[in-house]
Amino acid sequence: MNYLGDWIQAIPFSISTGLAGYLILPASLAGASPEAMVMADGRVVVQGAAKGWGMIFTYAYVFWFGILLIHREGRDTAACAEKYGDDWEKYKKILR
């Protein structure tokens, strides 16, 4: 539970890369592609060579960070058990 906040904070870093694989072109190329999206300032957004793959790699950070936090929680529990002994067991019974 302690590391859930850290993991939730990692998610926006990946969500903000949702345009991965896209190119932002100057306004002069507005009619270059029929599937292009025009931004409010006139610039054009089109999918580049990395289309479809960018999202997979950007979300790998969230999964990797989650694995690291789960592993860290296990190490913290073992360290507390070694350091505090019976007091740690009493604490775990009180605060599940």
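Owing to the predicted nature of the structure, the values given are computational and were not obtained by experimental measurement.

Trainee: Can you help me understand a nonpolar patch on the surface in this one?
Mentor: The grouping of W64, I67 and L68 at the surface amounts to a nonpolar patch, some 320 Å² of accessible area in total. Inspection of the secondary structure puts W64 in helix 2 (residues 54-84).

Trainee: Can you help me understand the sheet that holds strand 1 (residues 22-25) in this one?
Mentor: Two modes of strand pairing occur in sheets, parallel and antiparallel, and in both the strands are linked by backbone hydrogen bonds. Pairing within the open sheet is antiparallel, and its three strands lie in the order 1-3-2. At either margin of the open sheet sits one strand with a lone partner, and together these are strand 1 and strand 2 (37-38). By the bridge criterion, four bridges tie strand 1 to strand 3 (residues 44-47) in an arrangement that is antiparallel. For I24, the partnering residue across the bridge sits in strand 3 and is V45.

Trainee: Help me understand the environment of P26 in this model?
Mentor: Along the polypeptide, P26 turns up in the loop between strand 1 and strand 2. As for P26 and R43, which are separated by 17 residues in sequence, their C-alpha atoms are 4.9 Å apart. In this structure, P26 is in contact with R43 and V44, ignoring residues within four places of it in sequence.

Trainee: I keep staring at the packing of aromatic side chains and nothing clicks. Help me out?
Mentor: Considering all chains together, one arrives at two aromatic pairs under this definition. Geometrically, the ring pair formed by Y61 and F65 is stacked, given 5.8 Å between the ring centres and 15° between the ring planes. With a gap of four residues between them, Y61 and F65 both fall in helix 2, about one helical turn apart. Centre to centre, the rings of W88 and Y91 are 5.4 Å apart; their planes meet at 25°, and the pair counts as stacked. You can see W88 and its partner Y91 sitting in helix 3 (residues 86-94), three residues apart, about one turn around the helix.

Trainee: Looking at this model, I keep getting lost on the pairing of strand 3. Mind explaining?
Mentor: Residues in a regular strand project their side chains so that they alternate between the two faces of the sheet. Across two bridges, the pairing between strand 2 and strand 3 is antiparallel. Counted as the bridge partner of M37 is V45 from strand 3. The turn joining strand 2 and strand 3, which pair antiparallel and follow one another in sequence, is formed by five residues; a positive phi near 95° is taken by G42.

What counts, and where the lines are drawn
Residues numbered from 1 in each chain as written. Predicted model: local features only at pLDDT ≥ 70, side-chain atom pairs only at ≥ 80, totals over all residues. Heavy atoms only, no water. Patch = residues over 30% accessible without salt bridge, like charges linked within 9 Å, V, L, I, M, F, W, Y side chains within 5 Å. Areas by Shrake-Rupley, 256 points an atom, 1.4 Å probe, with all protein chains shown as cover. Salt bridge = Lys/Arg side-chain N within 4 Å of Asp/Glu carboxyl O. Helix = DSSP H or I, 4+ residues; strand = E, 2+ residues; numbered from the N terminus. Pairing = 2+ DSSP bridges. Contact = heavy atoms within 4.5 Å. Phe/Tyr/Trp six-rings, centres within 6.5 Å; stacked < 30°, edge-to-face > 60°.

Shape is all these values report; function is a separate question.
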